[in-house]
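Descriptive analysis of the structure
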Amino acid sequence: MDIPREPKKKRKKYVYGGVALATVVFVTVALGNLKPAAPSVDRATVYMDSVRRGTMVRQVRGPGTLVPEQIRWVPAITAGRVERKFVDPGAEVEPGTVLLELSNPEVQLELLEAERQLSAVQAELVNLRTTLETQRLNQEGVVATTRAQYLETKRNAEAGVELAAKGLIAEAELATLRERADEFRIRLDIEKQRLQTVTQAVGPQLEVQESQVARLKNIVQFQRRRVGSMRVAAGTRGVLGCCRVKRWRGSSNRSGSRPS
């Protein structure tokens, strides 16, 4: 006979409980892996615009000390006394803006002395070039004169040979003519060597004097830069800060000031 069985209510309850538990676990894990959401702000408090690369300026109001991002010192190359100040601290300057004007009589005298020496050496160079050219021309004249004398004595000796063959002159006189021609031939060779020596010596002597002129030109340019540096100018755009002045003592025991 058949035995009646009870319905499977407990099994369904277990299945539903397991599904619910798995759903809770899945939702918990998914929520745990989510990244935090961006903070929200009120639309009226923000300004919408496109992003561009450049300098970001931020205005801050409050007590404190304004510190520059970059500090560049403008030193004076030459020591001197401050005569005039053209720009005050806090003013905006451009490249080349004159800040201070110094004075130093010793530097100016050194420039004048260097220019005097340069003028003297240039005059010596002109005189040397003239002297060497005159010596070369004089030697060329001596060579030309000696060549003419040699050719004349040579013709006389050749004529003496013909006359001696005809018995018109003695052998002693012919020998004298030949010796005279040989003498001027040797003198011509010597004068040619002198001309060559004088010509070759022109270049080295001029080079030595020209190097002296170039050296003094460099000294004059350096002294002029020193004089020009006594007008202290800004090298870049910015705001002028403070101006520090150092005491100095020159060789003449006169005190002055040198800005840095």
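Residues numbered from 1 in each chain as written. Predicted model: local features only at pLDDT ≥ 70, side-chain atom pairs only at ≥ 80, totals over all residues. Heavy atoms only, no water.

1. Section: the overall build of the chain
Formally: A run of DSSP states H or I qualifies as a helix once it reaches four residues; a run of E qualifies as a strand once it reaches two. Both are numbered from the N-terminal end. Using a 1.4 Å probe on the protein chains alone, a residue whose accessible area is under 20% of its type maximum counts as buried, one over 50% counts as exposed, and one in between counts as partly exposed. Residue contacts are counted whenever heavy atoms from the two residues lie within 4.5 Å of one another. Areas reported as accessible are Shrake-Rupley estimates using a 1.4 Å probe. Residue values count occlusion only from the protein chains shown.
When its secondary structure is counted, the chain shows three helices and seven strands. Within the chain, buried positions represent 19% of all 260 residues. Partitioning the contacts of the chain with sequence separation of at least 6, the portion at a separation of at least 24 is 74%. Summed over all atoms, the accessible surface of the chain reaches about 21100 Å², with 55% contributed by carbon and sulfur.

2. Regarding a nonpolar patch on the surface
Defined as follows: Patch building starts from residues that exceed 30% relative accessible area and form no salt bridge, then joins like charges within 9 Å and nonpolar side chains (Val, Leu, Ile, Met, Phe, Trp, Tyr) within 5 Å. Note on definitions: salt bridges are taken to be side-chain nitrogens of Lys or Arg within 4 Å of carboxyl oxygens of Asp or Glu.
On the surface, Leu21, Val25 and Val29 cluster together to form a nonpolar patch covering roughly 270 Å² of accessible area. Mapped onto the elements, Leu21 comes out in helix H1 (residues 9-33).

3. Here's the deal with the environment of Lys85
On the secondary structure map, Lys85 appears in strand S1 (residues 81-85). The sequence separation of Lys85 and Val98 amounts to 13 residues, and the corresponding C-alpha distance is 8.7 Å. With residues near it in sequence (within four places) discarded, Lys85 still touches Leu99 and Leu100.

4. Describing helix H3 (residues 171-228)
Within an α-helix, residues lying three or four positions from one another point in the same direction, as the helix has 3.6 residues per turn. Using the following cut-off: Here the expected length of a helix is defined as 1.5 Å per residue gap, with one fewer gap than residues. In this scheme, the bend at a residue equals the angle between the axes fitted to the seven residues that finish there and the seven that begin there.
If you check H3, its first and last C-alpha atoms are 85 Å apart, about what 58 residues at 1.5 Å a residue would give, namely 86 Å. Of all the bends in H3, the greatest, near 25°, is centred on Val202, and the proline Pro204 appears no more than four residues after it.

5. Remarks on the environment of Ile169
Looking at the element boundaries, Ile169 is found in the loop between helix H2 (105-165) and H3. Of the residues examined, Ile169 reaches a relative accessible area of 15% and is grouped as buried. With near-sequence residues (within four places) excluded, Ile169 lies in contact with Gly160, Leu163, Ala164 and Leu174.

6. Side note on the pairing of strand S3 (residues 98-103)
Going by this rule: One requirement defines pairing of two strands: DSSP has to find at least two bridges between them.
For S1 and S3, the ladder comprises four bridges, and the chain directions are antiparallel. By the bridge assignment for S3, Lys85 is matched with Leu100. Pairing between S3 and strand S4 (residues 231-233): three bridges, direction antiparallel. Residue pairing across strands places Val98 opposite Ala233, the latter belonging to S4.

7. Description of the sheet that holds S3
Where we set the bar: Helix axes use the C-alpha atoms of the stretch in contact, all axes being lines fitted to C-alpha atoms, and the angles between their N-to-C directions lie in the range 0 to 180 degrees.
Overall, antiparallel pairing links the three strands, which are arranged S1-S3-S4 in an open sheet. The two strands at the open ends of the sheet, each matched to only one other strand, are S1 and S4. For this sheet, the mean inter-axis angle between neighbouring strands, taken without regard to orientation, is 30°.

8. Points about H2
This is how the line gets drawn: In protein, a polar contact means a hydrogen-donor-capable atom and an acceptor-capable atom, both N or O and within 3.5 Å, with residues adjacent in sequence counting only if both atoms are side-chain atoms; elsewhere, any N or O pair within 3.5 Å suffices.
Taking 1.5 Å per residue as the helical rise, H2 with its 61 residues ought to reach 90 Å, and the 90 Å between its terminal C-alpha atoms agrees with that figure. A distance of 3.1 Å separates the backbone nitrogen of Glu106 from a side-chain oxygen at the start of H2, and that oxygen is part of Asn104. A positive backbone phi angle near 80° is found at Gly167, which sits one or two residues after H2.

9. Quick notes on the confidence of the model for the chain
What counts here: Per-residue confidence from the prediction method is given by pLDDT, with values spanning 0 to 100.
For the chain, per-residue confidence averages 80 on the pLDDT scale, and residues scoring 70 or more make up 84% of the total. Between residues 247-260, whose pLDDT stays under 50, and residues either more than four places distant or in other chains, the model counts 45 contacts.

10. Observations regarding the side chain of Thr146
Following the sequence through the fold, Thr146 ends up in helix H2. In this structure the side chain of Thr146 is engaged in a polar contact, spanning 2.8 Å, whose partner is the backbone oxygen of Val142. If near-sequence neighbours (up to four positions away) are discounted, Thr146 is found in contact with Phe184, Arg187, Leu188 and Glu191.

11. Some words on the nonpolar core
The condition is simple: Side-chain atoms within 4.5 Å link the members of a nonpolar core, which is a set of buried Ala, Val, Leu, Ile, Met, Phe, Trp, Tyr and Cys residues.
In this structure, Leu111, Ala114, Leu118, Val121, Leu125, Leu132, Val202, Leu206, Val213, Leu216 and Val220 together form the largest nonpolar core, which totals eleven residues. For this core, the secondary-structure elements that each account for two or more residues are H2 and H3. No other element matches the six residues that H2 contributes to this core. Excluding its chain neighbours within four sequence positions, the residues that come into contact with Ala114 are Ile219, Val220 and Gln223.

12. Quick word on the packing of H2 against H3
The test is simple: Note on terminology: angles under 35 degrees are roughly parallel, angles over 145 are roughly antiparallel, angles of 65 to 115 are roughly perpendicular, and the others are oblique. Crossing handedness: left-handed means the near helix sits turned counterclockwise from the far one by under a right angle, and right-handed means the same turn made clockwise.
Two elements in contact, H2 and H3, have axes separated by 7 Å at closest approach and are oriented at 170°. Classified by the interaxial angle, the pair formed by H2 and H3 is roughly antiparallel. The chirality of how H2 crosses H3 is left-handed.

13. Section: the pattern of salt bridges
Here the idea is simple: oppositely charged side chains can pair when their charged atoms come close. The final tally for this structure, using the stated rule, is twelve salt bridges. In this structure, Asp88 and Lys85 form a salt bridge, with 4.0 Å as the shortest nitrogen-oxygen distance. Classification of Asp88 by relative accessible area gives partly exposed; the value is 49%. Among the salt bridges present, the one from Arg136 reaches Glu140, with a minimum N-O distance of 2.6 Å. Remark: Glu140 and Arg136 occur in helix H2; sequence separation between them is four residues, near one turn of the helix.

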